[in-house]
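# Observations on the model geometry
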Amino acid sequence: MAKNIHTDSGIEILPVYNAKDAVSPTENTGEFPYTRGIYPDMYRSKMWTMRQYAGYSTAAESNRRYHYLLNQGVTGLSVAFDLPTQIGYDSDHPLAEGEVGKVGVAIDSLQDMEELFAGIPLEKISTSMTINATGFILLAFYVALAKKQGADLKKISGTLQNDILKEYAARGTYIYPPRPSMRIITDIFEWCSQELPKWNSISISGYHIREAGSTAVQEIAFTLSNGKAYVKYALEKGLDINVFGRRLSFFFNAHNNLFEEVAKFRAARRMWAQIMKELGATEPQAMMLRFHAQTGGSTLTAQQPLNNICRVTIQALSAVFGGTQSLHTNGYDEALGLPTEEAAGIALRTQQIIGFESGVADTADPLGGSYFVESLTASMEKAAWELIQKVDEFGGSVEAIEEGFMQSEIAKSAYLQQRQVETGEKIIVGVNTFQSPEKGETPVFRIDDSIRKIQSGKLATLRRQRDHAKCDQLLQLLNDKASSGENIMPVVIEAAEAKCSLGEIADTLREVFGEY
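Residues numbered from 1 in each chain as written. Predicted model: local features only at pLDDT ≥ 70, side-chain atom pairs only at ≥ 80, totals over all residues. Heavy atoms only, no water.

### Re the overall build of the chain
This is how it is decided: Secondary structure follows DSSP: runs of H or I at least 4 residues long count as helices, runs of E at least 2 residues long count as strands, and numbering of each begins at the N terminus. Put simply, the radius of gyration uses C-alpha atoms, and a globule should come to 2.2 Å times the residue count raised to 0.38. Whether a residue is buried, partly exposed or exposed follows from its accessible area with a 1.4 Å probe, protein chains only, as a fraction of its type maximum: under 20%, in between, or over 50%, in that order. Residue burial considers only the protein chains on display, and all accessible areas are found by Shrake-Rupley using a 1.4 Å probe. Working convention for charge: Lys and Arg count positive, Asp and Glu count negative, and His plus the chain ends are omitted. Each charge is placed at NZ for Lys, CZ for Arg, CG for Asp and CD for Glu.
In terms of regular secondary structure, the chain is built from 20 helices and 11 strands. On C-alpha atoms alone, the chain measures out to a radius of gyration of 23 Å, which is about the 24 Å that the 2.2 N^0.38 rule sets for 516 residues. C-alpha extents for the chain along the principal axes are approximately 80 × 60 × 45 Å. In the chain, which comprises 516 residues, the proportion classed as buried is 57%. Only carbon and sulfur atoms are counted for the fraction: they give 51% of the accessible area of the chain, which is about 20,600 Å². Taken as two groups, the 50 positive and 63 negative side-chain charges of the chain have centres that lie 3 Å from each other.

### Quick word on the packing of aromatic side chains
For any two aromatic rings, the description comes down to two numbers: the centre-to-centre distance and the angle of the planes. We count it as follows: The rule is short: rings of Phe, Tyr and Trp, with Trp giving its six-membered ring, pair when the centres are within 6.5 Å, and they are stacked under 30 degrees, edge-to-face over 60, tilted in between. Note on geometry: a ring has a charge over it if NZ (lysine) or CZ (arginine) is within 6 Å of the ring centre and within 35 degrees of the ring normal.
What the rule picks out here adds up to 20 aromatic pairs. A ring pair is formed by Phe-189 and Phe-244, whose centres lie 5.9 Å apart and whose planes are at 15°; its orientation type is stacked. One end of the pair, Phe-189, is in helix α6 (residues 178–195); the other, Phe-244, is in helix α9 (residues 241–244), and 55 residues separate them in sequence. Neither Phe-189 nor Phe-244 differs from the other in exposure class; each is buried. Ring geometry for Phe-250 and Phe-252: centres 6.0 Å apart, planes at 10°, overall stacked. Note on Phe-252: relative accessible area 0%, which makes it buried. Joined through ring pairs, the aromatic side chains of Phe-250, Phe-252, Phe-265, Trp-272 and Phe-291 make up one cluster. The residue whose ring lies beneath Lys-277 is Phe-32, and the NZ or CZ to ring-centre distance is 4.8 Å.

### Some details on helix α19 (residues 489–497)
Stated formally: Contacts: residue pairs with any heavy atoms within 4.5 Å of one another.
Every buried residue of α19 is accounted for by Met-489, Val-491, Val-492, Ile-493, Ala-495 and Ala-496. Buried positions along α19 lie against α3 (110–116), α4 (135–148), α6, α18 (468–484) and α20 (502–513).

### Points about the pattern of salt bridges
For clarity, the threshold we go by: Definition used for salt bridges: Asp or Glu carboxyl oxygen within 4 Å of a side-chain nitrogen of Lys or Arg.
One pass over the full model with this rule turns up 33 salt bridges. The salt bridge involving Glu-399 is made with Arg-179; its shortest N-O contact spans 3.8 Å. Of this pair, Glu-399 sits in helix α15 (residues 397–402) while Arg-179 sits in helix α6, placing them 220 residues apart in sequence. Classification of Glu-399 as partly exposed rests on a relative accessible area of 24%. Classification of Arg-179 by relative accessible area gives partly exposed; the value is 39%.

### Some thoughts on the pairing of strand β10 (residues 291–295)
Stated formally: A pair of strands counts as paired when DSSP detects no fewer than two bridges linking them.
Most of β10 is tucked away, with five of its five residues classed as buried. Bridge analysis of strand β9 (residues 248–254) against β10 gives five bridges, and the strand direction is parallel. Among the inter-strand pairings, Asn-253 is bridged to a residue of β10, identified as Gln-294. Where β10 lies against strand β11 (residues 326–328), three bridges are found, and the strand directions are parallel. Counterpart to Ala-293 in the pairing with β11 is Leu-327.

### Examining unusual backbone geometry
Geometrically, the link from Phe-32 to Pro-33 is a cis peptide bond, its omega value of 5° lying close to zero. With a phi close to 50°, Phe-434 is a non-glycine residue in the positive phi region. Here Lys-499, not a glycine, exhibits a phi torsion of approximately 75°, which is positive. With respect to the helices, strands and loops of the structure, Lys-499 is situated in the loop between α19 and α20. Residue Lys-499 is classed as partly exposed on the basis of its relative accessible area of 37%.

### So, the layout of surface pockets
Our working rule: Any residue with an atom within 4 Å of a point lines the site, the site being either a cavity, points on a 1 Å grid over the protein atoms alone where a 1.4 Å probe fits but cannot get out, or a pocket, an open set with protein on both sides within 12 Å along at least 5 of 7 lines. Grid points are joined across faces, edges and corners, and a volume is the space filled by probe spheres set on the points. Here the term charged refers only to Asp, Glu, Lys and Arg, the term nonpolar to Ala, Val, Leu, Ile, Met, Phe, Trp, Tyr, Cys and Pro, and the term polar to all other amino acids, Gly among them.
Quantified by volume, the second largest pocket comes out at close to 920 Å³. What lines the second largest pocket is a set of 38 residues, among which Lys-46, Thr-49, Asn-200, Arg-290 and Gln-325 lie closest to the centre. Elements that contribute at least two residues to the lining of the second largest pocket include exactly β3 (49–54), β5 (126–130), β6 (158–160), β9 and β10. A per-class count over the lining of the second largest pocket returns 13 nonpolar, 19 polar and six charged.

### So, the nonpolar core
What counts here: Nonpolar core, defined: a set of buried Ala, Val, Leu, Ile, Met, Phe, Trp, Tyr and Cys residues in which side-chain atoms within 4.5 Å join the residues together.
Formed by 138 residues in total, the largest nonpolar core has its most connected members in Phe-117, Met-129 and Phe-136. Here this core takes 11 residues from α4, the largest share from any one element. Each residue touching Phe-136, except ones within four places of it in the same chain, is listed here: Tyr-176, Ile-184, Ile-188, Ile-488, Met-489, Val-492, Ile-505 and Leu-509. By size, the runner-up hydrophobic cluster in this structure holds six residues, among which are Tyr-56, Ala-96, Val-100 and Ala-106.

### Quick word on the sheet that holds β11
Formally: Where helices are involved, their axes are fitted lines through C-alpha atoms of the stretch in contact, as for all axes, and angles between N-to-C directions lie from 0 to 180°.
Ordered by their spatial adjacency, nine strands build an open sheet running β7-β6-β5-β4-β3-β11-β10-β9-β8, and the pairing between neighbours is parallel. Lying at the two open borders of the sheet, with one neighbouring strand each, are β7 (199–200) and β8 (202–205). Bridge count for β6 against β7 is two bridges, and the pairing is parallel. Within β7, the residue paired with Thr-159 across the bridge is Asn-200. Its contacts with the sheet put α4 on β5, β6 and β7, and the angle it makes with β5 is roughly 150°. Against the sheet, helix α10 (residues 258–278) touches β9 and β10, its axis set at about 160° to β9.

### Concerning the pairing of β8
Side-chain alternation along β8 places Ile-202 and Ile-204 on one buried face and Ser-203 and Ser-205 on a second face that is also buried. Inspection of the sheet shows β8 paired to β9 by four bridges, in the parallel sense. Bridging from a neighbouring strand, Ser-203 pairs with Ser-249 of β9.

Limitation: the analysis is restricted to geometry and does not speak to function.
As structure tokens, this is what we get:
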């Protein structure tokens, strides 16, 4: 007797689908509510941005990798920062010991940002920065560097992740309490809308929600709920939804279940268009869900790691079928460590082969109209709306996070999925079935612990050579503006230019807002 089959989100999959099971969208690609894609021609007009997420050790070392990737055909950079940078500690802080340069690049000052992008004109490259609690500081360093390069800020393009709500719900690199953090984010919205019009001031992230163990339905429901919260805070600040709404972007995970993932992306686009319309958006671009996708880090296995090339290919295909605007493909060795140059190269070539050899980019929404995909899109949407309603009953994402609702739901899902792996109900090839003796060792990229000493020396030199009185004056001004409710971005940029360190700026706001 045939067994019942369900997706990880609990949606039952029928043995076969017919016309009665699905309603196809009536709109074309590029038309509200954008189920089929936000641009009429999709990749026929412009290929998705092929990014590689990279950053490790010192800024100079990461810069070398960036030049390698650009020479290999990368069309956008995506910067990984180390943990001390993410939570507002300079490299010489006692709590930074053992973590400097390990999971990303160490950035302590404008000097490091200059080294990171040496030889790379910021006007000509799109940069995505995966940074949240200290996002405003890294953006200030980036803007200060652009000004030193003589760049026109109106032409600077890129994305700041800047999504603190998912840090409380799933990831943990927060500093300040939720409400002051939301205030900082709306300050960034306001400043970017005036000074950096091509910059995406937030990337509302479902990626880390999924990495923490959520289902696909939870990923889009919690992510879109967080998006609603950011929009409402911005509206309360008096910002124009048709202006800042154009620069909102999203960041989703791409997992192994090809059709569920495609349906997830299509449903998310349709839902966000409706959410923004209900919140008052009237301009089409303010209702479009533009997203970056990254293949699923938590799906990679340390056993038989070359199998991960197959997983990454399937995941990347789902993102392209689903209409992504930007894509990062993981290295096959990332269950063991940071990707080697060889692994990063294969990951990039995977995107290029999909884009230029497979034919899947030749027409927009190639799976549109499939009975299965349309039915699954509708099922994903229905289940996600039900979960969003539960979040709304708390008063929104901030309140649902403060009550622990999101964290609890994600934890339950993660536990269930792990139990399914351990019992063999969920098959992971090479891990709980189709196992084989490992032959040889996969090369692992290692970071030298001397990086902290190098960074600390640079900080000591920086502090000796700068104007201390000016730094003290600007940090006090930052304290005052944070306390008074004024927009902090202009003074943070001034502090960056005066050679204040990341830790000093972050600590100034710790004095005002406290730690969470």
